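Each chain, letter by letter, is given below.
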Amino acid sequence: MGQMVPGGKRDKILVVDDNKVNRVLTIATLEGEGYEVVAAASGEEGLRAFEDERFDCVILDVNMPGMDGFAACDRIRSTERGKGLPILFLTALRDVDAFDRAQAVGGDDFLTKPVRPRELAARVRMAIKLKQFDNELVALVRQQQDQLLRAELQKERLMAFVVHDLKNPVNAVGLLAQRILREEPLSTLVRNAATQIRAETHQLNRLILNLLDIARSEEGKLVLKRSSVEPLGLAEEVLREMQVAAAARGIATELSGQVRTVRWDADLIRRTLLNLLENSIRFAPEESTIRVILSEIDGLVEVRVIDSGPGIPVELRQKVFERFVQVESGPQGVTRLNRGLGLTFCKLAVEAHGGRIWVEEGTPGAVFCMSLPAGDG
(Lines give C-alpha, C1' and ligand atoms only; values in the text may rest on other atoms or scores of the structure.)
Protein backbone atom coordinates (compact mmCIF):
# COMPACT_ATOMS: atom_id res chain seq x y z
CA MET A 1 0.00 0.00 0.00
CA GLY A 2 1.02 3.64 -0.51
CA GLN A 3 3.10 4.96 2.37
CA MET A 4 2.28 8.00 4.52
CA VAL A 5 5.03 10.61 4.50
CA PRO A 6 5.76 13.06 7.36
CA GLY A 7 2.77 15.31 7.94
CA GLY A 8 0.26 12.55 7.14
CA LYS A 9 0.43 12.93 3.36
CA ARG A 10 0.29 9.98 0.99
CA ASP A 11 3.05 9.17 -1.51
CA LYS A 12 2.33 11.09 -4.69
CA ILE A 13 2.83 9.55 -8.16
CA LEU A 14 3.02 11.39 -11.50
CA VAL A 15 1.64 9.30 -14.40
CA VAL A 16 2.43 10.54 -17.92
CA ASP A 17 0.70 8.69 -20.79
CA ASP A 18 -1.03 10.02 -23.92
CA ASN A 19 -3.37 7.00 -24.08
CA LYS A 20 -6.48 7.73 -22.02
CA VAL A 21 -7.38 4.07 -21.40
CA ASN A 22 -3.86 3.24 -20.18
CA ARG A 23 -3.85 6.38 -18.05
CA VAL A 24 -7.17 5.53 -16.38
CA LEU A 25 -6.09 1.92 -15.67
CA THR A 26 -2.79 3.04 -14.16
CA ILE A 27 -4.48 5.67 -12.02
CA ALA A 28 -7.11 3.20 -10.79
CA THR A 29 -4.42 0.65 -9.88
CA LEU A 30 -2.30 3.12 -7.92
CA GLU A 31 -5.18 4.89 -6.19
CA GLY A 32 -6.44 1.47 -5.15
CA GLU A 33 -3.07 0.98 -3.42
CA GLY A 34 -3.48 4.23 -1.48
CA TYR A 35 -1.31 6.54 -3.57
CA GLU A 36 -2.18 10.07 -4.58
CA VAL A 37 -1.97 10.25 -8.37
CA VAL A 38 -1.53 13.19 -10.74
CA ALA A 39 -1.98 12.42 -14.46
CA ALA A 40 -0.61 14.12 -17.57
CA ALA A 41 -1.41 13.39 -21.20
CA SER A 42 1.92 14.47 -22.74
CA GLY A 43 5.57 14.90 -21.92
CA GLU A 44 5.21 18.67 -21.85
CA GLU A 45 2.22 18.50 -19.51
CA GLY A 46 4.10 16.07 -17.29
CA LEU A 47 7.06 18.44 -17.01
CA ARG A 48 4.78 21.30 -16.00
CA ALA A 49 3.21 19.11 -13.30
CA PHE A 50 6.69 18.10 -12.09
CA GLU A 51 7.71 21.76 -11.81
CA ASP A 52 4.56 22.68 -9.88
CA GLU A 53 4.43 19.80 -7.39
CA ARG A 54 6.70 17.39 -5.53
CA PHE A 55 6.40 13.69 -6.37
CA ASP A 56 7.67 10.46 -4.84
CA CYS A 57 7.71 8.56 -8.15
CA VAL A 58 7.16 9.20 -11.88
CA ILE A 59 5.74 6.73 -14.40
CA LEU A 60 6.41 7.58 -18.05
CA ASP A 61 5.04 6.21 -21.29
CA VAL A 62 7.62 6.21 -24.10
CA ASN A 63 5.81 6.89 -27.39
CA MET A 64 3.98 10.20 -27.07
CA PRO A 65 3.47 13.00 -29.60
CA GLY A 66 5.81 15.91 -29.07
CA MET A 67 8.15 15.19 -26.17
CA ASP A 68 8.48 11.42 -25.69
CA GLY A 69 9.14 9.66 -22.41
CA PHE A 70 12.90 9.47 -22.89
CA ALA A 71 13.16 13.23 -23.40
CA ALA A 72 10.87 13.90 -20.43
CA CYS A 73 12.99 11.64 -18.21
CA ASP A 74 16.18 13.38 -19.35
CA ARG A 75 14.69 16.79 -18.50
CA ILE A 76 13.52 15.62 -15.05
CA ARG A 77 16.92 14.09 -14.26
CA SER A 78 18.65 17.38 -15.18
CA THR A 79 16.93 19.14 -12.25
CA GLU A 80 18.06 19.00 -8.64
CA ARG A 81 14.74 17.50 -7.45
CA GLY A 82 14.77 14.92 -10.18
CA LYS A 83 18.21 13.42 -9.52
CA GLY A 84 17.13 10.87 -6.90
CA LEU A 85 13.48 10.57 -7.94
CA PRO A 86 12.34 7.03 -8.92
CA ILE A 87 11.34 7.03 -12.60
CA LEU A 88 9.64 4.01 -14.17
CA PHE A 89 8.98 3.47 -17.86
CA LEU A 90 5.71 1.77 -18.81
CA THR A 91 5.76 1.02 -22.53
CA ALA A 92 4.66 -1.33 -25.30
CA LEU A 93 8.24 -1.28 -26.69
CA ARG A 94 9.55 -4.60 -25.40
CA ASP A 95 13.01 -4.64 -26.93
CA VAL A 96 16.65 -4.17 -25.97
CA ASP A 97 17.04 -0.84 -27.77
CA ALA A 98 14.15 0.76 -25.83
CA PHE A 99 15.56 -0.67 -22.58
CA ASP A 100 19.03 0.72 -23.32
CA ARG A 101 17.60 4.17 -24.06
CA ALA A 102 15.62 4.07 -20.81
CA GLN A 103 18.81 3.25 -18.94
CA ALA A 104 20.76 5.97 -20.74
CA VAL A 105 18.37 8.73 -19.65
CA GLY A 106 18.26 7.52 -16.04
CA GLY A 107 15.21 5.26 -15.84
CA ASP A 108 15.06 3.13 -12.69
CA ASP A 109 12.70 0.42 -13.96
CA PHE A 110 11.23 -0.77 -17.25
CA LEU A 111 7.77 -2.38 -17.47
CA THR A 112 6.11 -3.51 -20.67
CA LYS A 113 2.42 -3.25 -21.53
CA PRO A 114 0.02 -4.81 -20.91
CA VAL A 115 1.23 -4.80 -17.31
CA ARG A 116 -0.58 -6.65 -14.54
CA PRO A 117 -1.94 -4.32 -11.83
CA ARG A 118 -0.26 -6.27 -9.02
CA GLU A 119 3.10 -6.12 -10.77
CA LEU A 120 2.78 -2.37 -11.36
CA ALA A 121 1.88 -1.73 -7.71
CA ALA A 122 4.76 -3.92 -6.49
CA ARG A 123 7.32 -2.23 -8.74
CA VAL A 124 6.20 1.26 -7.69
CA ARG A 125 6.30 0.25 -4.03
CA MET A 126 9.79 -1.19 -4.45
CA ALA A 127 11.06 1.89 -6.30
CA ILE A 128 9.87 4.21 -3.53
CA LYS A 129 11.27 1.99 -0.77
CA LEU A 130 14.68 1.78 -2.42
CA LYS A 131 15.07 5.54 -1.93
CA GLN A 132 15.41 4.91 1.79
CA PHE A 133 18.40 2.58 1.55
CA ASP A 134 22.11 3.06 1.12
CA ASN A 135 22.99 4.25 -2.39
CA GLU A 136 25.55 1.47 -2.96
CA LEU A 137 23.02 -1.22 -2.02
CA VAL A 138 20.37 0.36 -4.25
CA ALA A 139 22.83 0.52 -7.13
CA LEU A 140 23.70 -3.17 -6.71
CA VAL A 141 20.05 -4.26 -6.60
CA ARG A 142 19.19 -2.21 -9.70
CA GLN A 143 22.25 -3.45 -11.56
CA GLN A 144 21.27 -7.09 -10.99
CA GLN A 145 17.66 -6.35 -11.94
CA ASP A 146 18.74 -4.57 -15.11
CA GLN A 147 21.10 -7.38 -16.11
CA LEU A 148 18.32 -9.96 -15.76
CA LEU A 149 15.81 -7.92 -17.76
CA ARG A 150 18.32 -7.10 -20.49
CA ALA A 151 19.26 -10.79 -20.82
CA GLU A 152 15.57 -11.67 -21.15
CA LEU A 153 15.03 -9.03 -23.84
CA GLN A 154 18.11 -10.20 -25.74
CA LYS A 155 16.82 -13.79 -25.61
CA GLU A 156 13.46 -12.66 -27.01
CA ARG A 157 15.17 -10.73 -29.81
CA LEU A 158 17.33 -13.76 -30.68
CA MET A 159 14.23 -15.98 -30.75
CA ALA A 160 12.47 -13.53 -33.07
CA PHE A 161 15.45 -13.52 -35.45
CA VAL A 162 15.69 -17.34 -35.42
CA VAL A 163 11.96 -17.74 -36.04
CA HIS A 164 12.00 -15.34 -38.99
CA ASP A 165 15.10 -16.99 -40.44
CA LEU A 166 13.50 -20.44 -40.18
CA LYS A 167 10.47 -19.57 -42.28
CA ASN A 168 12.17 -19.51 -45.67
CA PRO A 169 14.08 -22.85 -45.48
CA VAL A 170 11.04 -24.64 -44.00
CA ASN A 171 8.82 -23.34 -46.81
CA ALA A 172 11.47 -24.32 -49.37
CA VAL A 173 11.59 -27.92 -48.07
CA GLY A 174 7.79 -28.11 -48.24
CA LEU A 175 7.75 -26.86 -51.84
CA LEU A 176 10.42 -29.37 -52.84
CA ALA A 177 8.35 -32.19 -51.33
CA GLN A 178 5.31 -31.02 -53.32
CA ARG A 179 7.40 -30.90 -56.49
CA ILE A 180 8.55 -34.48 -55.93
CA LEU A 181 4.95 -35.61 -55.44
CA ARG A 182 4.00 -34.16 -58.85
CA GLU A 183 6.59 -36.31 -60.62
CA GLU A 184 5.50 -39.59 -62.24
CA PRO A 185 6.19 -42.44 -61.83
CA LEU A 186 7.18 -42.59 -58.15
CA SER A 187 7.91 -45.64 -56.08
CA THR A 188 5.72 -46.17 -53.03
CA LEU A 189 8.72 -45.54 -50.77
CA VAL A 190 9.55 -42.17 -52.37
CA ARG A 191 5.89 -41.07 -52.42
CA ASN A 192 5.43 -41.96 -48.75
CA ALA A 193 8.66 -40.21 -47.80
CA ALA A 194 7.75 -37.02 -49.71
CA THR A 195 4.25 -37.05 -48.19
CA GLN A 196 5.72 -37.38 -44.70
CA ILE A 197 8.23 -34.57 -45.38
CA ARG A 198 5.40 -32.29 -46.48
CA ALA A 199 3.39 -33.12 -43.34
CA GLU A 200 6.39 -32.45 -41.09
CA THR A 201 7.11 -29.09 -42.77
CA HIS A 202 3.48 -28.10 -42.18
CA GLN A 203 3.97 -28.90 -38.50
CA LEU A 204 7.21 -26.89 -38.38
CA ASN A 205 5.49 -23.96 -40.05
CA ARG A 206 2.72 -24.09 -37.43
CA LEU A 207 5.35 -24.00 -34.68
CA ILE A 208 6.98 -20.94 -36.24
CA LEU A 209 3.66 -19.14 -36.57
CA ASN A 210 2.76 -20.07 -32.97
CA LEU A 211 6.00 -18.51 -31.73
CA LEU A 212 5.38 -15.34 -33.72
CA ASP A 213 1.79 -15.01 -32.48
CA ILE A 214 2.76 -15.60 -28.85
CA ALA A 215 5.41 -12.88 -29.17
CA ARG A 216 2.86 -10.52 -30.77
CA SER A 217 0.40 -11.22 -27.99
CA GLU A 218 2.98 -10.39 -25.32
CA GLU A 219 3.64 -7.10 -27.09
CA GLY A 220 -0.08 -6.37 -27.42
CA LYS A 221 0.15 -6.60 -31.22
CA LEU A 222 -1.96 -9.68 -31.98
CA VAL A 223 -4.90 -8.34 -34.00
CA LEU A 224 -7.76 -10.59 -35.14
CA LYS A 225 -8.59 -10.67 -38.87
CA ARG A 226 -12.23 -11.70 -38.75
CA SER A 227 -14.08 -13.10 -41.74
CA SER A 228 -17.11 -15.35 -42.38
CA VAL A 229 -16.20 -18.91 -41.41
CA GLU A 230 -18.08 -22.21 -41.74
CA PRO A 231 -16.86 -24.10 -38.63
CA LEU A 232 -17.75 -27.52 -40.03
CA GLY A 233 -15.90 -26.84 -43.28
CA LEU A 234 -12.91 -25.51 -41.35
CA ALA A 235 -12.85 -28.66 -39.20
CA GLU A 236 -13.07 -30.88 -42.32
CA GLU A 237 -10.09 -29.05 -43.81
CA VAL A 238 -8.07 -29.55 -40.62
CA LEU A 239 -8.87 -33.27 -40.49
CA ARG A 240 -7.73 -33.68 -44.09
CA GLU A 241 -4.44 -31.95 -43.29
CA MET A 242 -3.85 -34.24 -40.31
CA GLN A 243 -4.80 -37.41 -42.24
CA VAL A 244 -1.20 -38.47 -42.91
CA ALA A 245 -0.16 -38.13 -39.25
CA ALA A 246 -3.27 -39.99 -38.08
CA ALA A 247 -2.92 -42.78 -40.66
CA ALA A 248 0.73 -43.34 -39.68
CA ARG A 249 -0.54 -44.52 -36.26
CA GLY A 250 -3.62 -46.26 -37.56
CA ILE A 251 -5.89 -43.63 -35.97
CA ALA A 252 -9.31 -42.85 -37.44
CA THR A 253 -11.08 -39.49 -37.12
CA GLU A 254 -14.77 -38.66 -36.92
CA LEU A 255 -16.47 -35.28 -37.34
CA SER A 256 -20.04 -34.49 -36.33
CA GLY A 257 -22.32 -31.55 -35.58
CA GLN A 258 -23.49 -28.49 -37.42
CA VAL A 259 -23.31 -24.82 -36.39
CA ARG A 260 -24.04 -21.48 -38.03
CA THR A 261 -21.61 -19.32 -39.98
CA VAL A 262 -19.44 -17.28 -37.61
CA ARG A 263 -16.98 -14.40 -37.79
CA TRP A 264 -13.63 -15.66 -36.55
CA ASP A 265 -10.01 -15.24 -37.49
CA ALA A 266 -9.98 -18.32 -39.72
CA ASP A 267 -6.20 -18.77 -39.65
CA LEU A 268 -5.92 -18.60 -35.85
CA ILE A 269 -8.80 -21.03 -35.24
CA ARG A 270 -7.59 -23.35 -37.99
CA ARG A 271 -4.16 -23.54 -36.32
CA THR A 272 -5.83 -23.99 -32.93
CA LEU A 273 -7.68 -27.06 -34.26
CA LEU A 274 -4.50 -28.36 -35.89
CA ASN A 275 -2.64 -28.09 -32.58
CA LEU A 276 -5.44 -29.84 -30.68
CA LEU A 277 -5.60 -32.64 -33.28
CA GLU A 278 -1.82 -33.02 -33.30
CA ASN A 279 -1.85 -33.31 -29.50
CA SER A 280 -4.58 -35.95 -29.56
CA ILE A 281 -2.90 -37.97 -32.33
CA ARG A 282 0.36 -37.97 -30.36
CA PHE A 283 -1.27 -39.48 -27.25
CA ALA A 284 -4.15 -41.56 -28.62
CA PRO A 285 -3.59 -45.35 -28.68
CA GLU A 286 -2.92 -46.89 -32.07
CA GLU A 287 -6.01 -48.11 -33.96
CA SER A 288 -8.23 -45.81 -31.86
CA THR A 289 -10.59 -43.04 -33.00
CA ILE A 290 -10.42 -39.30 -32.36
CA ARG A 291 -13.77 -37.50 -32.48
CA VAL A 292 -14.38 -33.82 -33.20
CA ILE A 293 -17.84 -32.59 -32.19
CA LEU A 294 -19.27 -29.15 -32.99
CA SER A 295 -22.32 -27.71 -31.24
CA GLU A 296 -24.00 -24.43 -30.39
CA ILE A 297 -24.96 -23.69 -26.78
CA ASP A 298 -26.53 -20.40 -25.63
CA GLY A 299 -25.16 -18.52 -28.61
CA LEU A 300 -21.64 -19.91 -28.20
CA VAL A 301 -19.97 -22.31 -30.63
CA GLU A 302 -18.37 -25.23 -28.81
CA VAL A 303 -15.74 -27.55 -30.28
CA ARG A 304 -14.67 -30.77 -28.56
CA VAL A 305 -11.66 -32.89 -29.54
CA ILE A 306 -11.94 -36.29 -27.85
CA ASP A 307 -9.24 -38.97 -27.66
CA SER A 308 -8.78 -42.13 -25.60
CA GLY A 309 -5.19 -41.49 -24.55
CA PRO A 310 -4.05 -40.81 -20.97
CA GLY A 311 -6.36 -38.44 -19.10
CA ILE A 312 -5.31 -35.36 -17.16
CA PRO A 313 -6.04 -34.94 -13.43
CA VAL A 314 -8.41 -32.12 -12.51
CA GLU A 315 -5.73 -30.18 -10.62
CA LEU A 316 -3.43 -30.15 -13.66
CA ARG A 317 -5.91 -29.36 -16.44
CA GLN A 318 -5.08 -25.66 -16.64
CA LYS A 319 -1.32 -26.25 -16.41
CA VAL A 320 -1.24 -28.05 -19.77
CA PHE A 321 -1.84 -24.67 -21.43
CA GLU A 322 1.33 -23.22 -19.90
CA ARG A 323 4.62 -23.24 -21.76
CA PHE A 324 6.72 -26.42 -21.75
CA VAL A 325 4.65 -28.10 -19.02
CA GLN A 326 4.97 -31.83 -18.33
CA VAL A 327 1.93 -33.59 -16.89
CA GLU A 328 2.02 -37.15 -15.53
CA SER A 329 -1.23 -39.07 -15.25
CA GLY A 330 -2.81 -42.49 -15.50
CA PRO A 331 -2.70 -45.57 -13.25
CA GLN A 332 0.60 -46.73 -14.74
CA GLY A 333 2.18 -43.28 -14.52
CA VAL A 334 1.58 -42.60 -18.21
CA THR A 335 3.01 -39.25 -19.17
CA ARG A 336 1.16 -36.66 -21.23
CA LEU A 337 3.41 -33.80 -22.26
CA ASN A 338 2.98 -30.29 -23.54
CA ARG A 339 6.47 -30.29 -24.98
CA GLY A 340 6.26 -26.92 -26.63
CA LEU A 341 3.93 -24.02 -27.27
CA GLY A 342 1.05 -25.65 -29.16
CA LEU A 343 -1.47 -25.64 -26.31
CA THR A 344 -0.20 -22.26 -25.10
CA PHE A 345 -1.01 -20.87 -28.54
CA CYS A 346 -4.48 -22.48 -28.43
CA LYS A 347 -5.31 -20.65 -25.19
CA LEU A 348 -4.00 -17.37 -26.60
CA ALA A 349 -6.02 -17.69 -29.84
CA VAL A 350 -9.27 -18.70 -28.13
CA GLU A 351 -9.06 -15.96 -25.50
CA ALA A 352 -8.28 -13.38 -28.20
CA HIS A 353 -11.74 -14.25 -29.61
CA GLY A 354 -13.34 -13.73 -26.20
CA GLY A 355 -13.70 -17.47 -25.64
CA ARG A 356 -12.29 -20.04 -23.24
CA ILE A 357 -10.53 -23.38 -23.49
CA TRP A 358 -10.44 -26.21 -20.96
CA VAL A 359 -9.97 -29.98 -20.49
CA GLU A 360 -12.56 -32.54 -19.36
CA GLU A 361 -12.34 -36.22 -18.45
CA GLY A 362 -12.82 -38.57 -21.41
CA THR A 363 -13.28 -41.86 -19.46
CA PRO A 364 -10.86 -42.91 -20.83
CA GLY A 365 -8.84 -40.14 -22.41
CA ALA A 366 -9.04 -36.37 -22.50
CA VAL A 367 -11.58 -33.98 -24.01
CA PHE A 368 -10.17 -30.63 -25.13
CA CYS A 369 -13.01 -28.12 -25.31
CA MET A 370 -13.19 -24.60 -26.61
CA SER A 371 -16.16 -22.25 -26.56
CA LEU A 372 -16.18 -19.10 -28.69
CA PRO A 373 -18.69 -16.33 -29.42
CA ALA A 374 -20.07 -16.56 -32.95
CA GLY A 375 -19.08 -12.96 -33.65
CA ASP A 376 -21.25 -10.97 -36.03
CA GLY A 377 -22.37 -14.13 -37.83
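Residues numbered from 1 in each chain as written. Predicted model: local features only at pLDDT ≥ 70, side-chain atom pairs only at ≥ 80, totals over all residues. Heavy atoms only, no water.

Draft legend 1. Seen up close, the packing of helix α8 (residues 231–241) against helix α10 (residues 266–283). Here α8 crosses α10 at 45°, and the two axes come no closer than 10 Å. Between α8 and α10, the angle is such that the two are oblique. When the axes of α8 and α10 are compared, the crossing they make is right-handed. Within the contact between the two elements, α8 uses Leu234, Ala235, Glu237, Val238, Leu239 and Glu241 and α10 uses Ala266, Ile269, Arg270, Leu273, Leu274 and Leu277. Broken down by class, the residue content of the contact of α8 with α10 amounts to nine nonpolar, no polar and three charged. (Axes fitted to C-alpha atoms, helices over the stretch in contact; angles between N-to-C directions. Helix = DSSP H or I, 4+ residues; strand = E, 2+ residues; numbered from the N terminus. Parallel < 35°, antiparallel > 145°, perpendicular 65-115°, else oblique. Left-handed = near helix turned anticlockwise from the far one by under 90°. Contact = heavy atoms within 4.5 Å. Nonpolar A, V, L, I, M, F, W, Y, C, P; charged D, E, K, R; others polar.)

Draft legend 2. Quick look at the sheet that holds strand β16 (residues 366–373). The five strands lie next to each other as β9-β11-β12-β16-β15, forming an open sheet whose pairing is mixed. Bordering the open sheet on either side are β9 (252–256) and β15 (356–361), each of which pairs with just one other strand. Neighbour-to-neighbour, the strand axes of the sheet open up by a mean angle of 15°, direction not taken into account. In terms of strand pairing, strand β11 (residues 289–297) meets strand β12 (residues 300–307) through seven bridges, oriented antiparallel. (Pairing = 2+ DSSP bridges.)

Draft legend 3. Looking closely at the packing of aromatic side chains. Inspection of every chain in the model, using the stated rule, returns two aromatic pairs. Centroid distance Phe70 to Phe89: 5.4 Å. Interplanar angle 50°. Geometry classified as tilted. Of this pair, Phe70 sits in helix α3 (residues 69–77) while Phe89 sits in strand β6 (residues 87–91), and the two are 19 residues apart along the sequence. Judged by its relative accessible area of 0%, Phe89 is buried. Relative to Phe368, the ring of Phe321 lies with its centre 6.2 Å away and its plane at 85°, an arrangement referred to as edge-to-face. Linking Phe321 in the loop between β12 and β13 (326–328) with Phe368 in strand β16, this pair joins segments that are 47 residues apart in sequence. The two residues Phe321 and Phe368 agree in class, both being buried. Lying across the ring of Phe50, Arg81 places its NZ or CZ 4.6 Å from the centre. When the ring centre of Trp358 is taken as origin, the NZ or CZ atom of Arg356, which lies over that ring, is 3.8 Å away. (Phe/Tyr/Trp six-rings, centres within 6.5 Å; stacked < 30°, edge-to-face > 60°. Buried < 20%, exposed > 50% of the residue type's maximum accessible area, 1.4 Å probe, protein only. Lys NZ or Arg CZ within 6 Å of the ring centre and 35° of its normal.)

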